[in-house]
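If you want the building blocks of each chain, they are given just below.
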Number of protein chains: 2
Amino acid sequence: MNRLLFYASLMSFNTKRRIRFFFLSLIAFFMLWGTTAFAQKATWIWYPGDYEIWLSNQMQNRRTERGTFFPVFWKIDNHYPLIDFHKVFDLSAPEEVDIFVEGQYNVKLDGKAFEGSPKTITVPAGKHKINIKVFNQQQVPAIFVKGAHVVSDSSWLVTYEDKEWIDETGKTSDVSTTKWMNAGFWHFDRPDQRPADFKLPTKPVEAVESKQTANSRLVDFGKETFGYMKLHQLKGKGKLAIYYGESREEALDTAYTETFDKIVVDQPSGDYVVSLSKAFRFVNIIADAGVSYEKVSMLYEYADLQDKGSFRCSDEELNKIYEVAKYTFHLSTKEFFIDGIKRDRWIWSGDAYQSYLMNYYLTNDNGTVKRTTLALRGKDPVTSHINTIMDYTLYWFLGVYDYYLYSGDADFVRNNYDRMKSLMSYVLGRRNKDGLLEGLPGDWVFIDWAEGLSKQGAVSFEQLLFARSLETMALVAQLVNEKQDALVYKELAADVKKKLFDIYWNDQKKAIVHSYVNGQPTDHVTRYANMFAIFFDYLTDEQKAGIKDAVLLNNDVPPITTPYMRFYEMEAMCALGEQDYVTREMKAYWGGMLKLGATSFWEEYNPKKSGAEHYAMYGRKYGKSLCHAWGASPLYLLGKYYLGVKPTGAGYSSYIVAPALGGLKWIEGKVPTPAGNIELYCSTNNLKISSPVGRGKLVLKSKKMPSSNDGSFVHKGNNVYEMELEKGKNYDIKYQAL
Amino acid sequence: MNRLLFYASLMSFNTKRRIRFFFLSLIAFFMLWGTTAFAQKATWIWYPGDYEIWLSNQMQNRRTERGTFFPVFWKIDNHYPLIDFHKVFDLSAPEEVDIFVEGQYNVKLDGKAFEGSPKTITVPAGKHKINIKVFNQQQVPAIFVKGAHVVSDSSWLVTYEDKEWIDETGKTSDVSTTKWMNAGFWHFDRPDQRPADFKLPTKPVEAVESKQTANSRLVDFGKETFGYMKLHQLKGKGKLAIYYGESREEALDTAYTETFDKIVVDQPSGDYVVSLSKAFRFVNIIADAGVSYEKVSMLYEYADLQDKGSFRCSDEELNKIYEVAKYTFHLSTKEFFIDGIKRDRWIWSGDAYQSYLMNYYLTNDNGTVKRTTLALRGKDPVTSHINTIMDYTLYWFLGVYDYYLYSGDADFVRNNYDRMKSLMSYVLGRRNKDGLLEGLPGDWVFIDWAEGLSKQGAVSFEQLLFARSLETMALVAQLVNEKQDALVYKELAADVKKKLFDIYWNDQKKAIVHSYVNGQPTDHVTRYANMFAIFFDYLTDEQKAGIKDAVLLNNDVPPITTPYMRFYEMEAMCALGEQDYVTREMKAYWGGMLKLGATSFWEEYNPKKSGAEHYAMYGRKYGKSLCHAWGASPLYLLGKYYLGVKPTGAGYSSYIVAPALGGLKWIEGKVPTPAGNIELYCSTNNLKISSPVGRGKLVLKSKKMPSSNDGSFVHKGNNVYEMELEKGKNYDIKYQAL
């Protein structure tokens with residue numbers, strides 16, 4: 001499909017460059033030819049979403065707290081135990097087809113069952129329908145089918161109810177109403193890569209330092225890490241405890257360490273690997289006298305996503321911030337995007353939403369976004385907000401649309417429309433009499449971790465996300481051609497947006513106020529709704545300017561102390577063109593953590609705290625996570641607002657490049673797109689860009705008319721110049737930064 | 001609870017009999033004392049419905065057709081993988097509590113977790129809350145807790161989403177909105193009786209006859225049976241096939257037998273038991289020359305329900321019919337009530353509904369009714385009719401109310417109200433513009449197996465079941481104190497009932513016509529709606545009389561050829577007081593099967609067919625099931641309409657006894673109630689009754705005023721006499737049958 005799109009897009013290529021076109025066409029032809037004439041690629045397939053839910057259950061239930069299993073507090077779903085898979089093939093010659101199945105199964109050719117559960121069948125030449133029906137209560141029903149042309153892939157159709165009944169004469173029912181979905185898949189491309197056996201890869205890592213005292217050993221791995229502890233040549237008889245610490249203090253303070261392993265040793269000498277991976281930098285091992293081991297190492301566990309995007313600049317501290325953000329992001333990416341690696345290891349929609357955005361500028365891995373989206377959504381019926389949090393339900397909608405915008409993957413969005421719709425109808429069912437979202441009993445109105453933050457009444461921040469979610473529904477309804485739905489959602493969105501300003505906008509305060517309680521807007525101002533309104537582009541220029549001074553740069557408005565909301569605060573300032581400010585803030589805030597020795601970014605950082613105070617949260621001495629995905633936002637900010645690259649059409653069919661130095665001498669980097677990287681170098685007087693995709697619009701602020709080796713600029717006024725960017729060209733532009 | 005009820009009911013006992021009262025009170029006191037002072041009974045518990053769904057998945061996926069796995073074609077659901085169990089205990093002294101769990105788990109005392117997954121905890125004296133949270137993806141999360149007083153039973157509360165989040169200070173959320181349900185349970189009363197390991201019991205049974213020819217052996221077990229074939233001292237090398245036959249013809253006709261086992265033998269001498277139980281009377285074993293075995297026996301697999309009800313009469317053929325019906329019923333009762341034992345082995349709502357009714361007059365096992373009801377309902381969202389069949393969804397509602405009426409188990413009904421409501425809202429969402437139920441694409445309108453039966457338009461039969469289902473919803477809504485719902489359902493029921501007569505009643509034909517197509521009632525008359533309208537009591541006496549002659553006794557109306565609908569036809573005639581006719585019909589129809597050698601009753605019986613024609617169905621030579629639950633209806637008819645016992649208040653708090661000899665010289669038998677059996681003997685001039693329960697009304701037809709050793713009759717006119725029956729008395733009544 002991608003190859004076809006590529007080919008199609010080539011057809012509209014600038015016809016002046018005929019030779020190059022011919023050459024590329026030839027490549028495309030061979031690629032296309034390859035897909036039909038050579039052996040197809042088979043992969044394990046399942047009912048879409050089911051493996052993702054199953055795997056997320058496995059992953060989320062790995063959380064422990066001081067040795068105790070600590071599961072989630074929301075509903076987790078289960079896979080459909082009985083699935084029918086089918087596809088129609090048209091073969092020019094008969095072929096042998098191997099069948100591998102996770103579960104009990106039957107195979108039908110043109111509706112007639114083979115005896116037993118065949119491992120190989122022969123499919124005759126001509127047009128034939130193959131059905132495989134699988135029951136598996138314990139694991140997700142999955143199949144791997146491999147012939148020369150008959151192979152399992154996402155073009156197979158699946159259902160959990162085929163409704164194939166017969167009448168008293170044996171005639172089969174009309175099953176035209178059965179809802180068939182395209183099969184789900186990942187990367188299990190060999191028959192022996194059974195989906196249920198999947199484990200993240202690991203690699204051995206040595207400790208940096210190890211200090212032995214009487215009966216304990218403190219081992220330092222030099223930086224925050226994640227994986228399985230390994231005790232080499234462990235032997236003897238007695239007890240051994242491993243206390244994990246993200247900080248030295250935590251590892252040593254055994255009465256308060258958040259995680260530990262306790263082992264009863266009774267064995268001759270042998271290597272021992274703990275059964276559950278953990279997050280730590282330090283481990284403190286306390287063993288009975290009769291127990292000994294040679295050394296300690298670990299198996300680093302990781303998701304193996306490749307970096308595609310990059311960023312470098314003239315400021316080494318910022319470069320360091322970018323590197324630590326990258327490491328934080330990778331540590332927090334497992335089978336899914338999780339929040340933090342020590343304490344939680346759960347999938348949180350608000351956290352994941354930020355990981356998606358960072359992903360688009362670093363690893364651009366569609367799979368992890370799709371898996372996380374499906375796992376978060378779970379199954380119908382919807383019985384509570386996602387993660388029980390109202391805002392987290394709303395971020396979920398935004399995440400689906402962003403995915404479409406960055407990836408261009410309309411199939412995924414289309415296949416998810418029903419799930420979006422039923423989730424939105426749950427949300428619509430929880431509006432108050434004013435049509436606003438107000439926390440009902442059992443709804444967690446989260447917003448942010450902030451002392452004394454009011455959740456009373458209808459909070460403006462939630463209405464903002466609600467309006468955006470409804471806009472998203474309207475866009476997606478349009479995309480899947482549900483015109484009536486699109487209309488309804490559009491009207492609903494407009495209504496909420498109107499109320500947002502009618503009710504919450506305070507002209508005196510030049511701000512959206514925090515909430516609406518007992519029929520009255522409060523006069524309390526917080527940053528949340530105001531900063532989102534800016535980058536949602538819901539405001540007039542005048543309102544934006546008002547908010548900037550009255551809220552964002554106003555020290556009387558309670559400051560934000562989590563990287564989570566700093567993400568959006570910085571984004572709002574970037575959207576206002578205040579990259580210089582953001583550079584300073586990044587260096588102060590993220591740089592502040594680095595100065596305290598952080599090797600990954602934290603769940604919360606309040607510069608006013610000191611020493612081990614920084615490690616406390618939730619009323620626990622080491623309750624804070626020192627590696628939290630939401631700490632990695634510089635990845636996104638530097639890609640989207642410094643390199644300045646963002647898609648405006650699905651999958652970068654169109655996009656904008658608006659570089660901003662933010663007070664730096666130069667910046668350079670890559671932004672991944674589905675077709676490859678957009679590359680950029682920008683100094684105060686020179687800009688180099690190349691792009692493999694779509695049609696871009698360069699927006700450049702310059703003291704003078706810029707000049708380019710190719711194409712020409714249009715002056716838009718106010719020192720803003722624009723130029724069209726075509727794919728495959730290398731632009732070298734002279735300009736003069738403001 | 002039962003004991004308390006018993007005690008309470010004793011308090012209202014006839015105060016004249018003081019000595020007996022004192023004695024019984026003393027017994028009741030000791031029983032009550034026993035429940036609190038001695039060790040409580042612990043049992044394995046789970047989320048209600050989850051184990052039932054899980055187990056039904058296991059059972060229903062045991063169907064095979066000629067060696068091929070043959071699963072259901074509707075959605076099957078799955079258990080919630082993560083469950084929180086809790087209960088508050090108030091202990092006078094601390095106690096040790098043992099904990100057994102199916103799954104990964106934690107244990108909390110008053111919100112504080114124990115380290116790890118403890119197998120024993122100490123609960124201090126005083127009031128304490130115990131939570132156990134279990135994750136199990138593969139099997140149903142289940143716990144067994146046993147202390148002196150702290151024991152797991154259905155008084156524990158369970159949820160799949162406890163919503164126990166914390167704020168940034170560690171404070172736990174208000175979880176008052178979490179929906180807690182009473183735990184589900186069965187009879188797993190020992191820690192080692194793990195629910196997931198449950199298997200039906202078996203016992204060895206020898207063959208009756210065995211005939212060896214060259215390389216095959218035909219073994220006859222003398223009657224229809226079910227279980228695992230056992231080959232004694234099987235040895236050698238080669239292939240062996242076991243062809244199962246409900247008839248001799250089927251076992252021998254190896255190209256068409258519905259089920260078989262094929263074994264590759266390569267072993268020294270040893271007993272071999274097949275892995276999957278099967279239904280058969282005959283087995284035909286064909287083995288390679290190199291394979292031998294000494295003899296063949298079987299392990300009979302059964303549900304182990306005890307007979308409580310009974311029936312005997314002066315007619316030996318009817319007694320034989322009753323015995324074969326009993327055997328048919330037991331064979332068709334496994335973990336759940338299934339339809340037939342050879343081919344299907346699935347749970348079908350329409351079939352199960354009849355099994356429920358038979359059960360109330362024979363085994364009166366609440367567990368199998370509840371399990372079957374839960375398994376059929378599955379989980380939300382409802383995506384199709386139960387078993388995909390419109391009528392089967394509607395029978396399900398009727399079954400819940402009958403269960404309440406016969407068992408008095410209000411808890412079960414209360415706990416199921418939400419499931420009833422969401423299923424009904426699915427049904428209501430499928431009405432046509434006239435507010436009637438008409439098959440939409442994907443809906444199977446079944447009614448009965450009958451050649452050429454029209455399913456076009458809105459069929460009257462479905463509206464009848466629809467009206468009754470809505471009445472049921474109104475009654476249950478009332479029971480659970482949902483007054484507004486009750487009102488809505490009552491109005492809906494009245495509306496459908498009105499339409500039923502406005503549209504379908506044909507005064508000329510004196511019948512409800514079959515259907516309403518293209519805005520016009522057809523003039524086609526079938527028996528279905530007419531016979532249901534009689535025992536639903538929807539008709540005037542005049543209408544009833546009209547239907548009796550114009551439909552039920554009219555040979556021009558297509559006859560019914562399945563015991564399934566014969567059930568209701570006979571019930572309608574019984575409700576009209578035509579037991580004499582029904583006796584003749586039973587002897588002709590069920591007796592007809594016996595004359596053909598039936599050892600269990602069939603799925604379909606058409607006296608016009610002959611020889612092996614009887615075995616064919618669904619276009620297959622042996623497609624018919626020769627042991628089908630719906631064939632056992634004499635159990636119900638003889639109990640309800642001959643012995644004449646039926647509850648009018650929940651759990652026989654009130655009931656009617658209206659014996660009818662149906663032309664027989666005498667009848668006698670027992671009808672089970674929650675408190676024991678109502679026993680009855682009736683000849684043409686003598687009636688003996690005793691009852692352990694409620695307050696009964698005896699309705700007796702007699703040529704003269706009957707006389708009783710206790711109580712007195714009131715003449716209601718038309719030779720009908722009534723007398724109140726009190727529990728615990730032995731009535732001996734002289735009368736003169738009409």
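Small disclaimer: the values here were computed from a predicted structure and weren't measured. (Residues numbered from 1 in each chain as written. Chains lettered and ligands numbered in written order. Predicted model: local features only at pLDDT ≥ 70, side-chain atom pairs only at ≥ 80, totals over all residues. Heavy atoms only, no water.)

### Some points on the packing of aromatic side chains
Residue and element names in this part refer to chain A.
Alright, step 1. All chains considered together, the criterion is met by 136 aromatic pairs over all chains.
Alright, step 2. Ring centres 5.9 Å apart and planes at 20° place the aromatic pair Tyr51 and Trp54 in the stacked group. Remark: Trp54 and Tyr51 occur in helix 3 (residues 50–60); sequence separation between them is 3 residues, near one turn of the helix. One exposure class covers both Tyr51 and Trp54, and it is buried.
Alright, step 3. For the pair Phe311 and Tyr322, a centre-to-centre distance of 5.7 Å together with 45° between the ring planes defines the contact as tilted. Of this pair, Phe311 sits in strand 21 (residues 310–313) while Tyr322 sits in helix 5 (residues 316–331), and the two are 11 residues apart along the sequence.
Alright, step 4. Over the ring of Phe226 we find Lys334; its NZ or CZ atom is 3.8 Å from the centre of that ring. (Phe/Tyr/Trp six-rings, centres within 6.5 Å; stacked < 30°, edge-to-face > 60°. Helix = DSSP H or I, 4+ residues; strand = E, 2+ residues; numbered from the N terminus. Buried < 20%, exposed > 50% of the residue type's maximum accessible area, 1.4 Å probe, protein only. Lys NZ or Arg CZ within 6 Å of the ring centre and 35° of its normal.)

### As for the pairing of strand 16 (residues 216–245) of chain A
All names here are of chain A.
Alright, step 1. Across the 30 residues that make up strand 16, a large majority, 23, are buried.
Alright, step 2. Direction of pairing for strand 15 (residues 209–213) relative to strand 16: antiparallel, over a ladder of 5 bridges. When the bridges of strand 16 are listed, Glu209 appears paired with Asp220.
Alright, step 3. Between strand 15 and strand 16, which pair antiparallel one after the other, the connecting turn spans 2 residues.
Alright, step 4. Bridge analysis of strand 16 against strand 18 (residues 278–287) gives 14 bridges, and the strand direction is antiparallel. Across the sheet, residue Val219 finds its bridge partner in strand 18, namely Val283. (Pairing = 2+ DSSP bridges.)

### With respect to the sheet that holds strand 31 (residues 686–690) of chain A
Residue and element names in this part refer to chain A.
Alright, step 1. Ordered by their spatial adjacency, 6 strands build an open sheet running 21-29-30-31-36-33, and the pairing between neighbours is antiparallel. Across the chains shown, the open sheet's two edge strands, defined by having one partner strand only, are strand 21 and strand 33 (707–708).
Alright, step 2. In the sheet, strand 21 pairs with strand 29 (residues 666–673) via 4 bridges, with the strands oriented antiparallel. Bridging from a neighbouring strand, Cys313 pairs with Ile667 of strand 29.

### A closer look at the relation of the copies chain A and chain B
Alright, step 1. Placing chain A over chain B gives an RMSD of 0.1 Å and needs a rotation angle of 180°, together with 0.0 Å of translation along the axis. In the structure described here, the two chain copies are related by an operation that fits a two-fold rotation axis. The position closest to the rotation axis in chain A is occupied by the C-alpha of Gln138 of chain A, lying 2.0 Å away.
Alright, step 2. Taken as a fraction of all interface residues of chain A, those also at the interface in chain B reach 100%, which identifies the copy contact as same-surface. (Least-squares fit on C-alpha atoms with pLDDT ≥ 70 in both. Contact = heavy atoms within 4.5 Å.)

### So, the interface of chain A and chain B
Alright, step 1. With 63 residues of chain A at the contact, the number on the chain B side is 63 residues.
Alright, step 2. At the boundary of chain A with chain B, total buried surface from both sides reaches about 5200 Å², with 58% on carbon and sulfur atoms.
Alright, step 3. At the boundary of chain A with chain B, the tally comes to 2 salt bridges.
Alright, step 4. For Glu115 of chain B, the salt bridge is made with Lys262 of chain A, and the minimal N-O distance between the two is 3.0 Å. (Buried area = accessible area lost by both parts, 1.4 Å probe. Salt bridge = Lys/Arg side-chain N within 4 Å of Asp/Glu carboxyl O.)

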